Amino acid sequence: MNSSYRHQGHAHDAGNGDGAGGMVPMVAGKPFEPFAARPRKTVLVLGGGGMRGFCHIGVIRAIERLGLVVDEVVGTSMGAVMGALYATGLDSRQIEEAAAEIQLKDYFRLNLLKFLVRGFRHASVYKGRTFRQLIEKWLPHASFEELPRPFFCNALSLSTGASRFFGLPGSAPMRVADAVYASACLPTIFEPAAIDGDHYIDGGMTETLALRIARARQADLVIGVDLSHRDMRIPVTYKASLPHILFQTYETMGQALNEHNLHRYVDDKTVLMKPKVSHLGLLDMPDVQEIVRIGEREALEVLTTNPLTRYLCNPDVLAEEDRMVQTPRDHVHLHVDMNACIHCGICAATCATSGFAAVPLGDVVRKLHNYECTRDMACERNCPTGAIRLQNL
């Protein structure tokens with residue numbers, strides 16, 4: 001089994017310490033020693049995706065099981081909520097208990113009275129106060145500096161249109177709860193967050209997976225969790241309702257923006273996973289245990305088969321996973337239905353890793369197993385005839 005894994009030429013940077021905020025995993029009461037010297041700085045980046053973000057709990061659980069050390073955490077939207085909880089020192093079980101407190105009927109209450117009085121002059125469909133109170137309950141820390149593990153999140157300014165990154169060294173003092181609410185404040189759903197004379201909305205409107213912060217933090221290893229995966233073969237049923245149109249617009253816009261983000265920031269230091277949670281709506285209350293299981297399963301398969309993380313894993317858990325995972329997850333299989341292909345060349349123009357060729361006739365696939373694929377699914381989404389199918393994502 002092990003010999004089937006493709007070993008890429010990536011040297012792990014040896015570190016002498018545990019990193020800022022790093023926690024040393026224990027095995028049988030003794031410090032766990034990985035196969036390879038672990039990177040000096042590992043940054044976990046948790047993407048936005050509404051209630052789908054509960055699967056981040058499963059990813060954190062897998063990281064705990066595998067004995068991986070996370071030095072810093074970056075989050076956007078619901079990824080900011082879950083990432084902040086993780087940064088406070090809570091483990092996956094405690095985060096799951098906190099997440100179970102969310103009940104949509106309690107936290108997504110219509111601003112009916114204000115709509116009747118002010119109509120469309122009101123700022124949101126739902127009341128953000130109860131959601132903010134819940135965040136404040138979970139995140140009592142007065143500032144980012146008080147967090148046991150460094151944490152960063154992003155939001156979008158309605159005044160300037162620029163992204164603001166909270167938690168960076170040298171930035172103005174900020175309550176963690178205020179920053180997390182701003183990052184998770186979906187426009188028209190909750191009232192914008194008023195901070196320092198400006199108003200902020202969900203950072204996922206421009207950058208749903210904030211890999212840019214990880215790059216700025218000079219991470220030696222980035223573990224990214226992207227919730228934008230969608231099966232292009234399954235259409236979403238249209239509903240003539242404002243929430244449906246808004247959410248579909250947000251989701252489609254996020255996928256397009258994420259395409260460019262992944263093209264630019266996914267590199268040979270990045271391990272990217274895409275949990276299959278597209279069946280759940282942005283504000284549909286999930287079965288928390290089930291979606292946590294999906295996140296954990298995805299993370300275990302990716303982290304134990306990607307060469308950047310495989311040799312950092314607890315060998316006992318790795319041996320157990322090797323019996324279950326038959327196909328390494330460190331490459332993407334490119335498939336084109338030649339009966340549907342019209343040789344338009346859009347795939348070659350779209351792919352950031354030269355997986356396709358623009359040819360008038362013949363096979364357009366250049367890399368059957370694309371190890372460099374940024375997993376943004378742009379080629380499949382933009383193919384005019386639906387001829388492309390990406391596998392092993």
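Everything below is about the structure shown above.
For the structure given in this document, a descriptive report is provided here. (Residues numbered from 1 in each chain as written. Predicted model: local features only at pLDDT ≥ 70, side-chain atom pairs only at ≥ 80, totals over all residues. Heavy atoms only, no water.)

**Comments concerning the packing of helix α2 (residues 78–87) against helix α3 (residues 92–99)**
As a packed pair, α2 and α3 sit with axes 10 Å apart at the nearest point and diverge in direction by 135°. Looking at the two axes, α2 sits oblique to α3. Seen from above, α2 lies across α3 with right-handed handedness. Between α2, through Met-82, Leu-85 and Tyr-86, and α3, the contact on the second element is made entirely by Ile-95, Ala-98 and Ala-99. Of the residues belonging to the contact of α2 with α3, the class tally is six nonpolar, no polar and no charged. (Axes fitted to C-alpha atoms, helices over the stretch in contact; angles between N-to-C directions. Helix = DSSP H or I, 4+ residues; strand = E, 2+ residues; numbered from the N terminus. Parallel < 35°, antiparallel > 145°, perpendicular 65-115°, else oblique. Left-handed = near helix turned anticlockwise from the far one by under 90°. Contact = heavy atoms within 4.5 Å. Nonpolar A, V, L, I, M, F, W, Y, C, P; charged D, E, K, R; others polar.)

**Brief notes about the packing of α2 against helix α7 (residues 176–183)**
At a minimum axis separation of 7 Å, α2 and α7 run at an interaxial angle of 155°. Judged by the angle between their axes, α2 and α7 are roughly antiparallel. Considering only the axes of α2 and α7, their crossing is right-handed. Each of Ala-80, Val-81 and Ala-84 in α2 lies in contact with α7, whose residues at this interface are Val-176, Val-180 and Ser-183.

**Considerations on the pattern of salt bridges**
In the structure shown here, the tally under the stated rule is 24 salt bridges. In this structure, Arg-175 engages Glu-136 in a salt bridge whose closest nitrogen and oxygen atoms are separated by 3.9 Å. Taken together, the residues span a long stretch of sequence, with Arg-175 in the loop between β6 (163–166) and α7 and Glu-136 in helix α6 (residues 129–138) at a distance of 39 residues. The class of Glu-136 is partly exposed, set by a relative accessible area of 30%. (Salt bridge = Lys/Arg side-chain N within 4 Å of Asp/Glu carboxyl O. Buried < 20%, exposed > 50% of the residue type's maximum accessible area, 1.4 Å probe, protein only.)

**Some details on the pairing of strand β4 (residues 72–75)**
Along β4, one buried face is formed by Glu-72 and Val-74 and the opposite face, lined by Val-73 and Gly-75, is buried too. Examined bridge by bridge, strand β3 (residues 42–46) and β4 share four bridges and lie parallel to one another. The partner of Leu-44 across the bridge, within β4, is Val-73. Two elements, β4 and strand β5 (residues 151–157), share three bridges in a ladder whose sense is parallel. What sits directly across from Val-73, in β5, is Phe-151. (Pairing = 2+ DSSP bridges.)

**Some thoughts on the packing of aromatic side chains**
Evaluation of the coordinates by the stated rule reveals five aromatic pairs. Ring geometry for Phe-131 and Tyr-181: centres 6.4 Å apart, planes at 50°, overall tilted. In this pair, Phe-131 sits in helix α6 while Tyr-181 sits in helix α7, placing the two residues 50 residues apart along the sequence. Taken individually, Phe-131 and Tyr-181 each receive the classification buried, so the pair is uniform in this respect. (Phe/Tyr/Trp six-rings, centres within 6.5 Å; stacked < 30°, edge-to-face > 60°.)

**Re α7**
Of all the eight residues making up α7, eight are buried; the element is thus mostly covered by neighbouring parts of the structure. Buried residues of α7: Val-176, Ala-177, Asp-178, Ala-179, Val-180, Tyr-181, Ala-182 and Ser-183, and no others.

**Considerations on the sheet that holds strand β12 (residues 369–370)**
Judged by pairing direction, the sheet is antiparallel, and its three strands sit side by side in the order β12-β11-β13 without closing on themselves. Each having just a single partner strand, β12 and β13 (388–391) make up the two edges of the open sheet. Where strand β11 (residues 332–336) and β13 come together, four bridges link them in antiparallel fashion. Paired with His-333 across the two strands is Gln-391, which belongs to β13.

**Section: the pairing of strand β8 (residues 198–202)**
Counting buried residues in β8 gives four out of five residues, a clear majority hidden from the surface. Looking at chain direction, β5 and β8 are connected through three bridges and run antiparallel. Bridge assignment links Leu-156 to a residue of β8, and that residue is Ile-201.

**Things to note about the side chain of Thr-42**
With respect to the secondary-structure elements, Thr-42 resides in strand β3. In this structure Thr-42 touches Val-69, Val-70, Asp-71, Glu-72, Leu-221 and Ile-223, once residues within four positions along its chain are discounted.

**Describing the environment of Arg-212**
Note that Arg-212 resides in helix α8 (residues 211–216). With a relative accessible area of 35%, Arg-212 lands in the partly exposed category. A C-alpha to C-alpha distance of 9.0 Å links Arg-212 and Arg-264, two positions 52 residues apart in sequence. Apart from the residues within four sequence positions on either side, Arg-212 is in contact with Ser-163, Phe-165, Glu-207 and Tyr-265. In this structure the side chain of Arg-212 is engaged in a polar contact, spanning 2.8 Å, whose partner is the side chain of Glu-207. (Polar contact = N/O pair within 3.5 Å; in protein donor to acceptor, adjacent residues only side chain to side chain.)

**Some details on helix α11 (residues 315–322)**
Burial in α11 covers these residues: Val-317, Leu-318, Glu-321 and Asp-322. Looking straight down α11, one finds its buried side chains confined to an arc of 140°; they lie on one side. The inward-facing, buried residues of α11 contact α1 (55–66) and α10 (288–305). Among the residues of α11, the N-terminal cap falls to Asn-314, whose side-chain oxygen and the backbone nitrogen of Asp-316 are separated by 2.9 Å. (Arc of directions from axis to C-beta.)

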